[in-house]
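Below, each chain spelled out in residue letters.
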Amino acid sequence: MTLLAPVPGETVLELAAGPGDTGFLAAAVLGSAGLLLSSDVAPEMVDAARRRADELGVENVEFRVEDASAIDLPDDAVDGVICRFGIMLVPDPERALSEIARVLRPQGRAVLAVWASSDANDWMTAAGRSAVELGFIEPPDPRAPGPFRLADPDELRQLVIGAGFRVETLEDVGVLWRVPSLDQWWATTRDLSQMLTTLVERLATEDVKALRDGAERRLAKYVAADESLEVPGLARALLAVRAPS
Ligand SMILES: C[S@@+](CC[C@H](N)C(=O)[O-])C[C@H]1O[C@@H](n2cnc3c(N)ncnc32)[C@H](O)[C@@H]1O
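All of these numbers come straight from a predicted model, not from anything done at the bench.

**So, the pattern of salt bridges**
Next up, step 1: The tally for this structure, following the rule as stated, stands at 21 salt bridges.
Next up, step 2: The partner of arginine 64 in a salt bridge is glutamate 66, with the nearest N and O atoms 2.8 Å apart.
Next up, step 3: Several salt bridges converge on common partners, so that one network encompasses Glu10, Asp79, Arg105 and Arg109.

**Section: the site of the ligand**
Next up, step 1: Taken together, 14 residues are adjacent to the ligand, and Ala16, Asp40, Asp67, Ala68 and Arg84 come closest.
Next up, step 2: Note that a nitrogen atom of the ligand is positioned 2.8 Å from one of the backbone N or O atoms of alanine 16.
Next up, step 3: Take aspartate 67: an N or O atom from its side chain is 3.0 Å from a nitrogen atom of the ligand.
Next up, step 4: Coverage of the ligand by the protein chains reaches 77% of its 600 Å² of free accessible surface.

**Some details on helix H7 (residues 194-202)**
Since there are 3.6 residues in each turn of an α-helix, residues three or four apart along the chain are aligned in direction.
Next up, step 1: Burial in H7 covers these residues: Leu196, Leu199 and Val200. Taken end-on, H7 shows its buried residues confined to a sector of 95°, consistent with a single buried face. Structural note: H7 exposes Gln194, Glu201 and Arg202 on the side pointing more than 90 degrees away from its buried face.
Next up, step 2: Packed against the buried residues of H7 are helix H4 (122-133), helix H6 (182-192) and helix H8 (205-219).

**A few points about H8**
Next up, step 1: Its 15 residues give H8 an end-to-end C-alpha distance of 21 Å, which sits within 8% of 21 Å, the value for a rise of 1.5 Å per residue.
Next up, step 2: All buried positions along H8 are accounted for by Val208, Leu211, Gly214, Ala215, Glu216 and Leu219.

**Comments concerning the environment of aspartate 76**
Next up, step 1: On the secondary structure map, aspartate 76 appears in the loop between strand S3 (61-65) and strand S4 (78-84).
Next up, step 2: Contacts of aspartate 76, omitting those with residues within four sequence positions, involve Arg102, Val103, Leu104, Arg105, Pro106 and Arg242.
Next up, step 3: A polar atom in the side chain of aspartate 76 sits 2.8 Å from the side chain of arginine 242.

**Examining the pairing of strand S5 (residues 104-115)**
Next up, step 1: Counted residue by residue, S5 has nine buried out of twelve residues, so it is predominantly covered.
Next up, step 2: The pairing of S4 with S5 spans six bridges and is classified as parallel. Bridge pairing links glycine 80 to arginine 109 in S5.
Next up, step 3: In terms of handedness, the path from S4 via helix H3 (residues 93-103) over to S5 forms a crossover that is right-handed.
Next up, step 4: As paired strands, S5 and strand S7 (residues 229-242) are joined by seven bridges and run antiparallel to one another. Bridge pairing in S7 places leucine 112 opposite leucine 238.

**A look at the pairing of strand S2 (residues 35-40)**
Next up, step 1: Burial runs high along S2: five of the six residues are buried.
Next up, step 2: Strand direction decides the pairing type here: strand S1 (residues 11-14) and S2, joined by four bridges, are parallel. When the sheet's bridge partners are listed, valine 12 is paired in S2 with leucine 36.
Next up, step 3: With respect to chirality, the unit in which S1 leads through helix H1 (residues 21-30) into the neighbouring parallel S2 is right-handed.
Next up, step 4: With five bridges connecting them, S2 and S3 associate as parallel partners. Directly across from aspartate 40, in S3, lies its bridge partner valine 65.
Next up, step 5: Assessed by its sense of winding, the connection that carries the chain from S2 through helix H2 (residues 43-56) to S3 is right-handed.

**Quick notes on the sheet that holds S2**
Next up, step 1: Pairing within the open sheet is mixed, and its seven strands lie in the order S3-S2-S1-S4-S5-S7-S6. Looking at strand neighbours, the two that pair on one side only are S3 and strand S6 (165-179), the edges of this open sheet. Averaged over all pairs of adjacent strands, the angle between their axes in this sheet comes to 15°, without regard to strand direction.
Next up, step 2: As paired elements, S1 and S4 share three bridges and run parallel to each other.

Analysis parameters
Residues numbered from 1 in each chain as written. Predicted model: local features only at pLDDT ≥ 70, side-chain atom pairs only at ≥ 80, totals over all residues. Heavy atoms only, no water. Salt bridge = Lys/Arg side-chain N within 4 Å of Asp/Glu carboxyl O. Near = heavy atom within 4 Å. Polar contact = N/O pair within 3.5 Å; in protein donor to acceptor, adjacent residues only side chain to side chain. Areas by Shrake-Rupley, 256 points an atom, 1.4 Å probe, with all protein chains shown as cover. Buried < 20%, exposed > 50% of the residue type's maximum accessible area, 1.4 Å probe, protein only. Helix = DSSP H or I, 4+ residues; strand = E, 2+ residues; numbered from the N terminus. Arc of directions from axis to C-beta. Contact = heavy atoms within 4.5 Å. Expected span 1.5 Å × (residues − 1). Pairing = 2+ DSSP bridges. Right-handed = clockwise from strand over helix to strand, strands pointing away. Axes fitted to C-alpha atoms, helices over the stretch in contact; angles between N-to-C directions.

On their own, these measurements won't tell you what the molecule is for.
Encoded structure:
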């Protein structure tokens, strides 16, 4: 939000908003004269964001089902775009970035967050690495949509410039995942990973145990004496400004 620096009265579009919390931080600054367009490709996520806004009392917001690759807005429609941990999941990120440039007014700002390398994000990769090691899945294709698809900062920068932006900031942002136990890590990771949910459903009980043991060995170095975990991760934040047309 600091990078976007929203101004009261502006219109900001959040893409791939999930439950919407990032955009709601902007909405608080935009005020009653401004507007947040909170969107996601999944109608269920848009419903979740709508419920969350009700809980938080956010009123200057409209909800939309939007695919980041084909945004249903006219040209020059918004002052800012936020997309946190979404752009790398779109099959054609180049097209999505062109769409973001199209709906932004000239000099409009886009703030994107992506994950840095898989090596710097053990929280997310421990289960997948264990599954690959045990031969339960193939190694992921680094070019396929996924959390680490845009982990190369040079590639990200070039894609953004190619879509008609000037890159103002591209910086690493450390994150810290904290949970009370490995059980909680497993439950949360299963909830968040479609791959893991599907895999666990099809594996025999002893294979699930082997998978989990392998993952937990990778995380053992982060477990404290009270069994809680603090796992460092690395994200990357980018601020881009749409070049004048
Ligand atoms: C990892 S979640 C991030 C949610 C939220 N931005 C956050 O940071 O908590 C990724 C979201 O991207 C959405 N998504 C995936 N592909 C998309 C697309 N093509 N267009 C828009 N949203 C998409 C998913 O439905 C999901 O809600």
